[in-house]
Amino acid sequence: TSQKIHLHIYSKQPEHIIKKLRSIETKNRYFHYEGYRRHENLIKELIKYDYGIHIFGNPLSKKIGLVYKIAFSNKNFDYITAKLPIIVSKNLSAVKKLVDDNNLGITINYSDLSRLKKMIEKNPPYKFKGYINNFLNKQSYSSLNSFIQG
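About the thresholds
- Residues numbered from 1 in each chain as written.
- Predicted model: local features only at pLDDT ≥ 70, side-chain atom pairs only at ≥ 80, totals over all residues.
- Heavy atoms only, no water.
- Core = buried A, V, L, I, M, F, W, Y, C linked by side-chain atoms within 4.5 Å.
- Buried < 20%, exposed > 50% of the residue type's maximum accessible area, 1.4 Å probe, protein only.
- Helix = DSSP H or I, 4+ residues; strand = E, 2+ residues; numbered from the N terminus.
- Contact = heavy atoms within 4.5 Å.
- Pairing = 2+ DSSP bridges.
- Right-handed = clockwise from strand over helix to strand, strands pointing away.
- Arc of directions from axis to C-beta.

S.K.: What's the story with the nonpolar core in this structure? I'm lost.
M.R.: One broad trend across soluble globular proteins is that nonpolar side chains are buried collectively. Counting residues in each nonpolar core, the largest one holds 26 residues, and the members touching the most others are L46, I80, I87 and I106. Elements with a minimum of two residues in this core: helix 2 (39-46), helix 4 (74-81), strand 4 (86-89), helix 5 (93-102), strand 5 (105-108), helix 6 (116-122) and helix 7 (126-138). The contact partners of L46, leaving out residues within four places of it in the chain, are D78, Y79, A82 and L84.

S.K.: Can you help me understand the pairing of strand 2 (residues 31-35) in this one?
M.R.: Residues in a regular strand point their side chains to alternate faces of the sheet. For strand 2, the tally of buried residues reaches four of five residues, placing the bulk of the element in the interior. In this structure, strand 1 (residues 7-10) lies alongside strand 2, joined through four bridges in parallel fashion. Pairing of H8 across the sheet is with H32, part of strand 2. Viewed along the sheet, the connection from strand 1 through helix 1 (residues 15-27) into strand 2 turns out right-handed.

S.K.: Explain helix 5 here, please?
M.R.: Looking only at helix 5, the buried set comprises A94, V95, L98, V99 and N102. Projected down its long axis, helix 5 carries its buried residues within an arc of 130°, all on one side. Positive backbone phi, approximately 55°, marks N103, located one or two places after helix 5.

Below, the structure written as structure tokens:
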């Protein structure tokens, strides 16, 4: 948010976390806690935005690091369904591969987040719309299975 990029958070949280998020929201006009949405309503909300974001930093133990190399969050499919390009950490190997191989968004090192606004300006969301549509049109069980198998 320090780059004047709006960040909208959708998640179900315990009340004490919601209070912290609401506190941040009152102090930062670029931070928005939107609360929880049922899945079908979440997609309708996501289409309002320019990008989806899946960033993870912080040093990891080897065990946790392996999880992030192979893990694949549902949020990525939600972003694609909403036809949003994805901004993804390069250390999230499986997601990075999907994004890079299909030109579905921007990959970034966590340490380079301070340059995110410049990267977005160089890669406006419309640049990815055709690739996202092509990706959605060509998906079938066999192509998804071959992607998963490597």
